[in-house]
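Understanding the architecture of this molecule
Here is what each chain is made of, one letter per residue.
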Amino acid sequence: MKKTNLFSNTLWNTILAVSVIFTVFVLPVLPVESHRWLFRTFYSFIFIAAIFCLQNRSKRMLSIFFAAIFLEWLSLIFDLDVVYDISRGVNIIFFMIIVVMLIRQIATASEVTPAVILGSVTGYLLLGLIFSIFVSAIAKYVPDSYSNITQNTGLPGVNTDASAPLYYSYVTIASLGYGDICPLKPLSRSLATVIVVSGQFYMAVIVALLVGKFSSKSGSK
């Protein structure tokens, strides 16, 4: 039974990691006109895989999961800004909970397993995905908040080219700072600070947890 649980957990962590990696690295290079339904499809994969890879699933967590799935596709069908914005808000809440739960599972794991490694990588990528949603929202509602981020693609149902917010989010969270996209308003600059600090804090916590587990395992031998 223990081996089955371990296999199942590793399997869903793998599916979650692959879904997030595909969403972050592959979808942005595809034609912008396909972003509208492709992102919703892979967000749904992420939602489902995230639920199954968690060891503890409360009723509240399941409610947020179903709400995220429902609103994601409702926003596609009706193409209303208000539904889309609510959907993005629920996505942020869901992804944040997943990141926290993944960190908790890493902290409580008795040893470093493939599932733990995948969970740590996935948590980092999800953090960048969360911030890209914030960047998209600011670019949409606060004009000229960023340089070189297009607020209007000219396509129905596609307000912002998703590749630019994703790129900016990960470049900032990794502290690269190429400078091709710059925050120009106080709100966007404040978010940039939060992204940088959160990225460094996440790495510090995860590295400390993983090193601590390796050290304790080596010391017990």
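See above for the structure.
Here is a short report on the structure shown in this document.

Rules behind the numbers
- Numbers given to residues run from 1 along each chain, matching the order in which its sequence is written.
- Only residues with pLDDT of at least 70 get local features here, since the model is predicted, and only at 80 or more are side-chain atom pairs given and counted; chain-wide, interface and lining totals rely on the full set of residues.
- Where side-chain values are given, they derive from all heavy atoms of the structure, hydrogens and water being excluded.
- Helical segments are the DSSP runs of H or I of at least four residues, strand segments are the runs of E of at least two, and each set is numbered from the N terminus.
- For the exposure calls, accessible area comes from a 1.4 Å probe over protein chains only, and a residue counts as buried if that area is under 20% of its type's maximum, exposed if over 50%, partly exposed in between.
- In this description, contact between two residues means that some pair of their heavy atoms is separated by no more than 4.5 Å.
- Here the open area of atoms and residues is found with the Shrake-Rupley method and a 1.4 Å probe, where only the protein chains shown may cover a residue.
- Throughout this description, the term nonpolar core refers to a set of buried Ala, Val, Leu, Ile, Met, Phe, Trp, Tyr and Cys residues connected via side-chain atoms within 4.5 Å.
- Fitted lines through C-alpha atoms give the axes, limited to the stretch in contact for helices. The angle between two N-to-C directions lies from 0 to 180 degrees.
- An angle below 35 degrees is read as roughly parallel, one above 145 as roughly antiparallel, one from 65 to 115 as roughly perpendicular, and any other as oblique.
- Classes in brief: Ala, Val, Leu, Ile, Met, Phe, Trp, Tyr, Cys and Pro nonpolar; Asp, Glu, Lys and Arg charged; the others, Gly included, polar.
- How far a helix is expected to stretch is found by multiplying one less than its residue total by 1.5 Å.
- For this analysis, a polar contact is any N or O atom pair within 3.5 Å, provided that within protein one partner can donate a hydrogen and the other can accept it, and provided that sequence-adjacent residues contribute only side-chain to side-chain pairs.
- By definition, any crossing whose near helix is turned counterclockwise from its far helix by less than a right angle is left-handed, and any crossing with a clockwise turn is right-handed.

1. Remarks on the overall build of the chain
If you tally the helices and strands in the chain, you get seven helices and zero strands. Moving toward the C terminus, one meets the helices and strands of the chain in the order α-α-α-α-α-α-α. Looking at the chain as a whole, 44% of its 221 residues are labelled buried. At a minimum sequence separation of 6, the contacts of the chain that also span at least 24 residues come to 73%. On the chain, roughly 11500 Å² of surface is accessible, and the fraction owed to carbon and sulfur atoms is 69%.

2. Considering the nonpolar core
Ranked by internal contacts, the top residues of the largest apolar core, which has 59 residues, are Phe94, Phe95, Ile98, Leu126, Leu129 and Tyr146. Mapped onto this core, the elements with two or more residues apiece are helix H1 (2-26), helix H2 (35-53), helix H3 (59-78), helix H4 (81-108), helix H5 (114-141), helix H6 (163-173) and helix H7 (186-220). Here the element with the most residues in this core is H5; it accounts for 12 residues. The contact partners of Phe95, leaving out residues within four places of it in the chain, are Tyr43, Ile46, Phe47, Leu126, Leu129, Ile130 and Ile133.

3. With respect to the packing of H2 against H3
Running from N to C, H2 and H3 cross one another at 170 degrees; their axes reach a closest spacing of 10 Å. As judged from the angle between their axes, H2 and H3 are roughly antiparallel. Facing Arg36, Trp37, Arg40, Thr41, Tyr43, Ser44, Phe47, Ile48 and Ile51 of H2, the residues of H3 in contact are Met61, Leu62, Phe65, Ala68, Ile69, Glu72, Trp73, Ser75 and Leu76. Residue composition of the contact of H2 with H3, grouped by class: 12 nonpolar, three polar and three charged.

4. Structural notes on H3
In this model H3 runs 28 Å from its N-terminal to its C-terminal C-alpha over 20 residues, within 8% of the 28 Å that 1.5 Å per residue would give. Restricting attention to buried positions, one finds in H3 the residues Met61, Ile64, Phe65, Ala68, Leu71, Glu72, Leu74, Ser75 and Leu76. Positive backbone phi, approximately 50 degrees, marks Asp79, located one or two places after H3.

5. Examining unusual backbone geometry
The backbone phi angle of Asp144 is positive, close to 60 degrees, even though this residue is not glycine. You can see Asp144 is positioned in the loop between H5 and H6. Note on Asp144: relative accessible area 52%, which makes it exposed. At Asn148, a residue that is not glycine, the phi angle is positive and equals roughly 65 degrees. Tracing the backbone through its elements, the reader meets Asn148 in the loop between H5 and H6. Among the residues examined, Asn148 registers a relative accessible area of 60% and is labelled exposed.

6. Considerations on the side chain of Gln105
For Gln105, the position within the fold is in helix H4. Excluding anything up to four places from it in sequence, Gln105 contacts Cys53, Leu54 and Gln55.

7. Quick notes on the environment of Asn148
Asn148 sits 33 residues away from Ile181 along the chain, and the two C-alpha atoms are 5.7 Å apart. Beyond its immediate chain neighbours, meaning those up to four positions away, Asn148 contacts Asp180 and Ile181. Side-chain polar atoms of Asn148 contact the backbone oxygen of Asp180, separated by 2.4 Å.

8. Observations regarding the packing of H4 against H5
H5 packs onto H4 with a crossing angle of 155 degrees between their chain directions and a minimal axis gap of 9 Å. For the element pair H4 / H5, the angle class is roughly antiparallel. Like other packed secondary-structure pairs, H4 and H5 cross with a definite hand, here left-handed. Across the contact of H4 with H5, the residue classes tally to 16 nonpolar, five polar and four charged.

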